[in-house]
Amino acid sequence: MTANKHRNDDPSSGRRDQGTVLDRMQMPPMSGDEALRRFHKDREAGGLQSQSDETTELAKLHPLMRFAVVAGTFIVIVAALLGVLYLIGA
């Protein structure tokens, strides 16, 4: 008995792979630098600042608070890694 390659209950059995919508869109070829330039130009036109002009929340903090945040993050990461090592060794 031969195997049926196309199952009747599979709705995509007779269709070819059409790809995604992005595959079918006609896009002009451009370099990465050109794409970034257009992206930043569109963001600035929309009233948004470019990322290089924005100050982060961490940069706005007092230097001692900034140190405390960075040290606390480091301690949490080290504790998580030690916990994983403990669980592996158990």
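Residues numbered from 1 in each chain as written. Predicted model: local features only at pLDDT ≥ 70, side-chain atom pairs only at ≥ 80, totals over all residues. Heavy atoms only, no water.

What follows concerns the pattern of salt bridges. Following the criterion strictly, the structure yields three salt bridges and no others. Linking Glu34 and Arg37 is a salt bridge whose minimum nitrogen-to-oxygen distance equals 2.7 Å. With Glu34 and Arg37 both in helix α2 (residues 32–45) and three residues apart, this pair spans about one turn of that helix. On the basis of relative accessible area, Arg37 is assigned to the partly exposed category, the value being 43%. (Salt bridge = Lys/Arg side-chain N within 4 Å of Asp/Glu carboxyl O. Helix = DSSP H or I, 4+ residues; strand = E, 2+ residues; numbered from the N terminus. Buried < 20%, exposed > 50% of the residue type's maximum accessible area, 1.4 Å probe, protein only.)

Glancing now at a nonpolar patch on the surface. Among the surface-exposed residues, Phe74, Ile75, Val78, Leu82, Val84, Leu85 and Ile88 lie close enough to one another that they form a single nonpolar patch of about 730 Å² accessible area. Take Val84: it is sitting in helix α4 (residues 63–89). (Patch = residues over 30% accessible without salt bridge, like charges linked within 9 Å, V, L, I, M, F, W, Y side chains within 5 Å. Areas by Shrake-Rupley, 256 points an atom, 1.4 Å probe, with all protein chains shown as cover.)

What follows covers the confidence of the model for the protein chain. Considering every residue of the protein chain, the mean pLDDT works out to 77; 71% of them sit at 70 or more. Mean pLDDT across the secondary structure elements of the protein chain bottoms out at helix α1 (residues 21–24), with 73, and peaks at α4, with 95. (pLDDT = per-residue confidence, 0-100.)

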